[in-house]
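Residue-level listing of the chains:
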Amino acid sequence: MRDDQTGPARDREGRAAREERGRPPRRIVVVSGGGIAAYKIPDLVRKLVRAGHSVRCALTPAAASFVSPLALQTVSGEPVRQSLLDPGEEGQIGHIDLADWAELVIVAPATANLLARMAHGLADDLVTTVLLATRAPVLVAPAMNLNMWDHPATRQNLDILRSRGVHMVGPDSGELACGWEGAGRMSEPAAIAEVAESVLCPDTLAGERVLITAGGTREALDPVRALTNRSSGKMGYALAAEAARRGAEVVLVSAPTNLPIPVGVRRVDVESALEMRSAVLDEIDACGIAICCAAVADFRPAEAASRKIKKEDLEPDAGLRLELVRNPDILAEIAAPGGERARRVVVGFAAESHDVIGASERKLARKGCDLLVANDISRRDAGFETDTNAVILLEPGAGPEELPLLPKGEVAARILDRVDKIRGERSSRS
Ligand code: C5P
């Protein structure tokens, strides 16, 4: 999706991108309880609609004091339901029709009262009736005062809901509207939307552990300076988020970036190529899939000065000569043939500025990986630092597949679709 697009064009594009990937837009009912966090729900609905979904909203009577039904109607493009007994509303979409229509119900904010009513199967208003009648998965985003959250009654209600397979996101810790500080803030709309995608996403990687490297390594010259590159880490982080959505246990070995840790991902922070190598070797044995997306420096200073290099210590006008030594090739090391290697799928990346396919085919053979993702870094809209990417997928013995320019999240999905295919072919051969 392009950032310069607004309104229906952008929503349609979100829808088209989902359909192209075989992941159709879904029907989501968002129900809100009466908490101050309800003011964030229009933002959540907007994010879901932008991702291509159809959204309908329902409010408890108290929720309507915190968020305007008209705001929700505007962002969802659908009438908002509030009352079980209103003949006009029931005439438009009956409460059972709403429950049946949903492919996912998100409860946000889920107040202590609403969680209690859900846990005990009450159906005393429209929202709880929909929750009791639906067969769709349910995702709750709790929000309440810290003491209400800690109360044994709430704890037991959550245990009951979890045992029924209800999904949870949050709450976060921080400053609460009531003035207390601690657990009880509703998760941010972006995090709720992200977890909703995982609930809706088929668990093709359930039970699998995936190792992903990301970011540009930093090779120290002295305590202040380092050699690094322009990798933002966005592609690796998008892959980590998508693998987690597909049910994998994800470990993300990350060089320094400004990116937040994707939901459900364990991150191991490293700086240099040597640190990245040792973190990868610590984790690799337990992983069935390894995706080396990091831009690892090929060279590092032969020696990192323990004290800051000062120009005053050099001859006046003298330059500084750096001696660089080669870094180990982490990808080649883990892709090397061997016992464990035979069951692991290894994916490498290549950044090329000319003869992209030729150079990448040679790299695929040299590195020995199962899939190589080639970036043409001469394009301004793809590769380093951008939110979009245009890549070519190369597998040994198969022709290259050129993907169109796509958001990095979509590229991540295509790469993992290909990994799924490779795993499927391998298991049908064995
Ligand atoms: O050889 P080149 O750096 O172009 O290869 C890129 C691929 O190799 C990427 O997947 C990168 O993560 C990996 N790589 C590595 N260790 C290095 C250099 C690159 O794992 N020292």
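Predicted, not measured: the structure shown is a model, and the values here were computed from it.

## Side note on the pairing of strand β8 (residues 209–214)
Extensive coverage of β8 is indicated by the burial of five of its six residues. When β8 meets strand β11 (residues 249–254), the two strands line up parallel, connected through six bridges. Bridge pairing in β11 places R209 opposite E249.

## Remarks on unusual backbone geometry
Geometrically, the link from A108 to P109 is a cis peptide bond, its omega value of -10° lying close to zero. The residue P109 is located in strand β3 (residues 104–110) in this model. Cis rather than trans, the peptide bond between G170 and P171 has omega equal to 5°. With respect to the helices, strands and loops of the structure, P171 is situated in the loop between β5 (167–168) and β6 (172–175). In the Ramachandran plot, D317 falls in the positive-phi region, its phi being about 70° despite a non-glycine side chain. Accessibility expressed as a relative area gives 83% for D317, which makes it exposed. One non-glycine residue, D355, lies in positive phi territory at about 45°. Here D355 lies in the loop between β16 (345–352) and α14 (356–367).

## Some remarks on the sheet that holds β8
Taken in spatial order, the eight strands make up an open sheet running β12-β11-β8-β13-β16-β17-β19-β20, and their pairing is mixed. In this open sheet, the two strands that pair with only one neighbour each are β12 (265–269) and β20 (401–402). Bridging between β8 and strand β13 (residues 289–292) involves four bridges; their strand directions are parallel. Within β13, the residue paired with V210 across the bridge is I289.

## Some thoughts on the layout of surface pockets
The volume enclosed by the second largest pocket comes to roughly 910 Å³. Lining the second largest pocket are 37 residues, and of these A294, A295, V296, F349 and A351 sit closest to its centre. For the lining of the second largest pocket, the secondary-structure elements that each account for two or more residues are α11 (234–245), α13 (330–335), β16 and α14. For the lining of the second largest pocket, the per-class residue count stands at 17 nonpolar, eleven polar and nine charged.

## Notes on the domain arrangement of the protein chain
When the domains of the protein chain are assigned, the result is domain 1 (7–11 + 19–200) and domain 2 (209–429). One C-alpha centre belongs to domain 1, the other to domain 2, and the line joining them spans 38 Å. Opposite the seven residues of domain 1 that make contact, domain 2 presents nine residues. For the pair domain 1 and domain 2, the interface holds one salt bridge. Across the pair R245 and E194 runs a salt bridge, and its minimum N-O distance is 2.6 Å.

## Some remarks on the nonpolar core
If you look at the biggest cluster of nonpolar residues, it comprises 33 residues, and the most contacted ones within it are I212, L239, I291, F349 and I415. When residues of this core are traced back to their parent elements, those giving at least two are β8, α11, β11, β13, β16, β17 (371–376), β19 (391–394) and α15 (408–429). Top element by residues in this core is α11. It accounts for seven residues. Once you skip the residues sitting within four places of it in the chain, L239 turns out to touch I212, I291, C293, F349, A412, I415 and L416. A38, V169, M186 and V195 belong to the second largest nonpolar core, which has 30 residues in total.

## Topic: helix α3 (residues 69–76)
Each full turn of the α-helix corresponds to 3.6 residues, which orients residues three or four apart in the same direction. At the N-terminal boundary of α3, the capping side chain belongs to S68, with an oxygen 3.1 Å from the backbone nitrogen of L70. Once α3 finishes, G77 follows within two positions and takes phi at roughly 75°, a positive value.

## Focus on the sheet that holds β5
Reading across from one edge, β2-β1-β3-β4-β5 is the order of the five strands in this open sheet, with parallel pairing throughout. Taken across any chain shown, the strands that pair with only one partner, and hence form the sheet edges, are β2 (54–59) and β5. Sheet analysis places strand β1 (residues 27–32) next to β3, joined by four bridges and oriented parallel. Residue V31 lies in a different strand from β3, and its bridge partner there is V107. Across the face of the sheet, helix α10 (residues 189–200) comes into contact with β1, β3, β4 (138–142) and β5 while running at roughly 150° to β3.

Criteria and cut-off values
- Residues numbered from 1 in each chain as written.
- Predicted model: local features only at pLDDT ≥ 70, side-chain atom pairs only at ≥ 80, totals over all residues.
- Heavy atoms only, no water.
- Buried < 20%, exposed > 50% of the residue type's maximum accessible area, 1.4 Å probe, protein only.
- Helix = DSSP H or I, 4+ residues; strand = E, 2+ residues; numbered from the N terminus.
- Pairing = 2+ DSSP bridges.
- 1 Å grid on protein atoms, 1.4 Å probe; cavity = no way out; pocket = protein on both sides within 12 Å on 5 of 7 lines; lining within 4 Å.
- Points joined across faces, edges and corners; volume = space filled by probe spheres on them.
- Nonpolar A, V, L, I, M, F, W, Y, C, P; charged D, E, K, R; others polar.
- Domains from an automatic or database assignment.
- Contact = heavy atoms within 4.5 Å.
- Salt bridge = Lys/Arg side-chain N within 4 Å of Asp/Glu carboxyl O.
- Core = buried A, V, L, I, M, F, W, Y, C linked by side-chain atoms within 4.5 Å.
- Polar contact = N/O pair within 3.5 Å; in protein donor to acceptor, adjacent residues only side chain to side chain.
- Axes fitted to C-alpha atoms, helices over the stretch in contact; angles between N-to-C directions.

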